[in-house]
Amino acid sequence: MYKRQEERTYTSNGYTLRVAFGPESAQVTVSDCPTQDCVHMGEITRGGQSIVCLPEQVVVTLEGKTPSADVILG
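The following paragraphs examine the structure supplied in this document. Here the residue index of a chain counts from 1 through its sequence in written order. Per-residue local features of the predicted model are confined to residues with pLDDT of at least 70, and side-chain atom pairs are confined, for both listing and counting, to 80 or more; whole-chain, interface and lining totals are unaffected and use all residues. Values shown for side chains rest on all heavy atoms present in the structure; no hydrogens or waters enter the calculation.

## With respect to unusual backbone geometry
Notably, Asn13 is not glycine yet its phi reads approximately 55°, a positive angle. Located in the positive-phi region is Gln36, a residue other than glycine, with phi close to 65°.

What follows is the structure, encoded as structure tokens:
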């Protein structure tokens, strides 16, 4: 779990995105994919919620009762 706001950058399938992680949230803040759907999803805050970027083949998922973020790269 992240104790403070933290941003990480991921590169997959020729694209790059930046994900901001908070204590109980995650949000894609920047992406160079063509549709920007992952950025427009906004912040997720509940376990089971996901952000998907199909062009990058990346999934950001919050898991558990106290959410913790997982990032899966295609």
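## What to know about the side chain of Ser25
Selection rule: To qualify as a helix, a DSSP run of H or I must reach at least 4 residues; to qualify as a strand, a run of E must reach at least 2; elements of each kind are numbered from the N terminus. Should any heavy atoms of two residues lie within 4.5 Å, those residues are considered in contact.
You can see Ser25 is positioned in strand β3 (residues 25-31). Setting aside residues no more than four positions away along its own chain, Ser25 makes contact with Ala20, Glu43, Ile44, Thr45 and Leu62.

## Overview of the pairing of strand β1 (residues 6-12)
Going by this rule: A strand pair is defined by DSSP finding two or more bridges across the two strands.
Relative to strand β2 (residues 15-22), β1 runs antiparallel, the two being bridged by seven bridges. Residue Tyr10 lies in a different strand from β2, and its bridge partner there is Leu17. Between β1 and β2, which pair antiparallel one after the other, the connecting turn spans two residues, and Asn13 there sits at a positive phi close to 55°.

## Structural notes on the nonpolar core
Proteins that are soluble and globular tend to have nonpolar side chains buried together. Cut-off, in case you're wondering: In these notes, a set of buried Ala, Val, Leu, Ile, Met, Phe, Trp, Tyr and Cys residues joined through side-chain atoms within 4.5 Å is what counts as a nonpolar core. Each residue gets one of three labels from its accessible area relative to the maximum for its type: buried under 20%, exposed over 50%, partly exposed in between, using a 1.4 Å probe on protein chains only.
Of all hydrophobic cores here, the largest spans 14 residues; its most connected members are Leu17, Val19, Ala26, Val28, Cys38, Ile51 and Val60. Sequence-distant contacts of Val19, that is, excluding residues within four places in its chain, are made with Glu6, Glu7, Arg8, Tyr10, Gln27, Val28 and Val60.

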